[in-house]
Amino acid sequence: MRVYNFSAGPSMLPLEVLEEAQKEFLDFAGTGMSVCEISHRDKAFAPIVEEAEANLRELMNIPDNYCVLFVQGGASQQFAAVPLNLMHTGKADYVVTGNFAKKAWQEGQIYGEARKVASSEDKTYTYIPDVDKIAFNDDADYVHICTNNTIFGTRYVKFPETKAPLVADMSSEILSREVDVTKFGVIYAGAQKNLAPAGVTIVIARRDLIENPLPVCPTMLKWKTQADNGSLYNTPPCFSIYMANLVLRHLKKLGGVKEINKVNEYKAGLLYDFIDNSSYYTNSVEKQYRSIMNVPFVTPSKETDEKFVKEAKAEGLVTLKGHRLVGGMRASIYNAMPVEGVKKLIDFMKKFEKENA
Ligand SMILES: *Cc1c(COP(=O)(O)O)cnc(C)c1O
């Protein structure tokens, strides 16, 4: 039986997509081979990368002066790739709004002067600093932000206007809401939250920014290497790219990012409204910055939190345990989480409250 999986990542994929992949798993596009067995140079595979890129461009409205890359190493590898491609004068600004934003900042320090220009650490990352009040440095090579903070459940509602190119980690929210790509120099995202199985990472970079990687930048981390080779410089994560393409096709069928965003807002609204109207459950994020993808919440005690996770699992609502840094519970309700999954969670929360309050 399929369950509702609230994992922060790897996370649920649309059932339709899984079924389609299953259907053609043994014989991909009449090749008599699985997509897991086929060469990335095979003429049956190349169109997949091209179609995935075209679909992503269409869904996110990515202009031609941006390249779209499918790379490996996860979002964490991009924490290094960003400075190695962009830190020409050795200085960059970072806004630290959570655990991944902090890791990116720390990685940046290996390569130069990575400056923490704002942070929400003082209140355990339960808000996003006012972007209009941040004193960005004039000499920064780039400004790095993490637009949705997976562990703490916050998101930017407004992006900073910066002189230096804005670089954004969108791993846990890519394709969940409309963004104006032209406001960013670089956007990157690991696929396993909202797009595909783990293994592929999306990089969307303005072409003029990829031309001068640092001399020490490894060939594989140069965005230019991947851009010049259509993401086929070496063996790419073929299966993940193939799955990403199926998910992108599926999203298009649903009406695109604007439509899925409506559903996401609706799902998150149901859950937050329920939590706010309950005296038993609490979410401590400042309301305006609440993520619509990751919803952390607690019951009055650690003991009931543990009981909640255990009993929810027995009802087919799994992976609700919060991150160890936060505790409690976290419901990740990415694009692929159906409305019914959120409703079932709320019904369970009601029942649990009655039995335990
Ligand atoms: C999950 C996550 C990461 C880490 O991704 P990997 O692909 O595991 O390296 C980085 N940033 C954010 C915002 C994430 O949610």
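Scroll up to find the structure this text is about.
Heads up: these notes are all about the structure in this document. (Residues numbered from 1 in each chain as written. Predicted model: local features only at pLDDT ≥ 70, side-chain atom pairs only at ≥ 80, totals over all residues. Heavy atoms only, no water.)

**Quick word on the site of the ligand**
Selection criterion: A single heavy atom is enough: if one lies within 4 Å of a molecule or strand, its residue is considered near that molecule or strand. As used in this structure description, the phrase polar contact means that two N or O atoms lie within 3.5 Å; if the pair is within protein, one of them must be able to donate a hydrogen and the other to accept it, and residues adjacent in sequence are counted only when both atoms belong to side chains. Strands here are runs of E lasting at least two residues and helices are runs of H or I lasting at least four, both read from the DSSP assignment and numbered beginning at the N terminus. Asp, Glu, Lys and Arg are counted as charged, while Ala, Val, Leu, Ile, Met, Phe, Trp, Tyr, Cys and Pro are counted as nonpolar; the rest, among them Gly, fall into the polar class.
Around the ligand lies a shell of 13 residues, among which Ser76, Thr150, Asp169, Gln192 and Lys193 are the nearest. Separating an oxygen atom of the ligand from a side-chain N or O atom of Thr150 is a distance of 2.5 Å. At 2.6 Å from a nitrogen atom of the ligand is found a side-chain nitrogen or oxygen belonging to Asp169. The leading source of residues in the shell around the ligand is helix H3 (residues 74–86), at 4 residues. In the shell around the ligand, the residues fall into 4 nonpolar, 7 polar and 2 charged.

**Some remarks on the state of the cysteines**
To keep things clear, this is the line we draw: The criterion for a disulfide is a pair of cysteine sulfur atoms lying within 2.5 Å. Burial here depends on accessible area, computed with a 1.4 Å probe over protein chains only, as a share of the maximum for the residue type. Under 20% is buried, over 50% is exposed, and the range in between is partly exposed.
In total, this model carries 0 disulfides according to the counting rule given. The thiol of Cys67 is not disulfide-bonded; the next cysteine sulfur, from Cys217, is found 13 Å away. The class for Cys217 is buried, based on a relative accessible area of 4%.

**Looking at the packing of aromatic side chains**
Test applied: Under the pairing criterion, centres of Phe, Tyr and Trp rings, with the six-membered ring standing for Trp, must be within 6.5 Å; the plane angle then separates stacked pairs below 30 degrees from edge-to-face pairs above 60, leaving the rest tilted. Only when the NZ of Lys or the CZ of Arg is both within 6 Å of the ring centre and within 35 degrees of the ring normal is a charge said to sit over the ring.
The full count for this structure, using the stated rule, is 17 aromatic pairs. For the pair Phe274 and Tyr281, a centre-to-centre distance of 5.9 Å together with 45° between the ring planes defines the contact as tilted. Summarising the burial analysis for this pair, Phe274 and Tyr281 share the class buried. Considering the side-chain rings of Tyr281 and Phe308, the 6.0 Å spacing of their centres and the 75° angle between planes classify their relative orientation as edge-to-face. Taken together, the positions of Tyr281 in the loop between helix H7 (257–276) and strand E11 (294–297) and Phe308 in helix H8 (residues 302–314) put the pair 27 residues apart, joining distant regions of the chain. Seen from the ring of Tyr127, Lys123 lies directly overhead, with NZ or CZ sitting 5.5 Å from the centre.

**Section: the nonpolar core**
Short version of the rule: In this description, a nonpolar core means a group of buried Ala, Val, Leu, Ile, Met, Phe, Trp, Tyr and Cys residues linked to one another through side-chain atoms lying within 4.5 Å. What fixes the domain bounds is an automatic or database domain assignment.
Within the largest apolar cluster, 59 residues are counted, with the highest numbers of intra-cluster contacts made by Leu56, Met60, Ile145, Leu175, Leu195 and Ile204. A total of 9 residues in this core trace back to one element, the largest contributor, which is helix H6 (residues 238–253). The two domains that each donate at least three residues to this core are domain 1 (15–253) and domain 2 (255–356). Of all hydrophobic cores here, the second largest spans 31 residues; its members include Tyr280, Phe297, Leu317 and Ile333.

**As for the packing of helix H1 (residues 15–23) against H6**
Note the cut-off: Helix axes use the C-alpha atoms of the stretch in contact, all axes being lines fitted to C-alpha atoms, and the angles between their N-to-C directions lie in the range 0 to 180 degrees. Oblique is the label for any angle not under 35 degrees, not over 145, and not in the 65 to 115 range, which are roughly parallel, roughly antiparallel and roughly perpendicular in turn. The handedness criterion is simple: a crossing whose near helix is rotated anticlockwise from the far helix by less than a right angle is left-handed, and one whose near helix is rotated clockwise is right-handed. Note on definitions: a residue-residue contact is assigned when non-hydrogen atoms from the two residues lie within 4.5 Å.
The N-to-C vectors of H1 and H6 enclose an angle of 135°; their axes lie 10 Å apart at closest approach. It follows from the interaxial angle that H1 and H6 lie oblique. The chirality of how H1 crosses H6 is right-handed. Counted together, Glu16, Val17, Leu18, Glu20 and Ala21 of H1 and Tyr242, Met243, Leu246, Val247, Arg249, His250 and Lys253 of H6 form the full contact between these two elements. Across the contact of H1 with H6, the residue classes break down as 7 nonpolar, 1 polar and 4 charged.

**Observations concerning the pairing of strand E4 (residues 113–119)**
In plain terms, the rule: For two strands to count as paired, DSSP must find a minimum of two bridges between them. The path from the first strand over the helix to the second decides the hand: if it runs clockwise while the strands point away from the viewer, the crossover is right-handed.
Of the pairings in the sheet, the one linking strand E3 (residues 91–96) to E4 comprises 6 bridges and is parallel in character. By the bridge assignment, Val96 is partnered in E4 with Ser119. Chirality of the crossover, the property in question, places the unit of E3, helix H4 (residues 99–111) and E4 among those that are right-handed.

**Remarks on the side chain of Ser176**
When you line up the elements, Ser176 lands in the loop between strand E8 (166–169) and strand E9 (186–190). When its relative accessible area of 0% is taken as the criterion, Ser176 is described as buried. Once residues within four sequence positions are removed from consideration, Ser176 is found in contact with Asn194, Val257, Ile260, Asn261, Asn264, Ile292, Met293 and Asn335.

**Observations concerning the side chain of Lys267**
Test applied: Counted charges follow a simple rule, with Lys and Arg positive, Asp and Glu negative, and His plus the chain ends left uncounted. A carboxyl oxygen of Asp or Glu within 4 Å of a side-chain nitrogen of Lys or Arg is what we treat as a salt bridge.
The topology assignment puts Lys267 in helix H7. Of the buried charged residues, Lys267 lacks a salt bridge, with Glu340 as the closest side chain of opposite charge at 9.4 Å. Only 2.7 Å separates the side chain of Lys267 from the backbone oxygen of Met337, close enough to count as a polar contact. Residues in contact with Lys267, not counting those within four places in the same chain, are Ile333, Tyr334, Asn335, Met337, Pro338, Val339 and Val342.

**Notes on the pattern of salt bridges**
The final tally for this structure, using the stated rule, is 22 salt bridges. For Glu121, the salt bridge identified is with Lys116, shortest N-O distance 3.7 Å. A salt bridge links Glu311 to Lys307; its shortest N-O distance comes to 3.6 Å. Of the two residues, Glu311 and Lys307 both sit in helix H8, 4 residues apart, roughly one turn of that helix. Residues participating in the shared-partner salt-bridge network are Lys91, Asp93, Glu113, Arg115 and Asp139.

**Things to note about the environment of Leu209**
By the secondary structure assignment, Leu209 is in the loop between strand E10 (201–206) and helix H5 (223–228). Here the alpha-carbon distance between Leu209 and Trp105, two residues 104 residues apart in the chain, equals 20 Å. Ignoring anything within four residues of it in the chain, the contact list for Leu209 reads Asn85, Leu86, Pro165, Gly185 and Val186.

**Focus: the sheet that holds E8**
Spatial strand order, E2-E10-E9-E8-E5-E3-E4: 7 strands in an open sheet with mixed pairing. Only two strands of the sheet have a single partner each, and these edge strands are strand E2 (66–71) and E4. In this sheet, neighbouring strand axes are inclined to one another by 20° on average, regardless of whether the strands run parallel or antiparallel.

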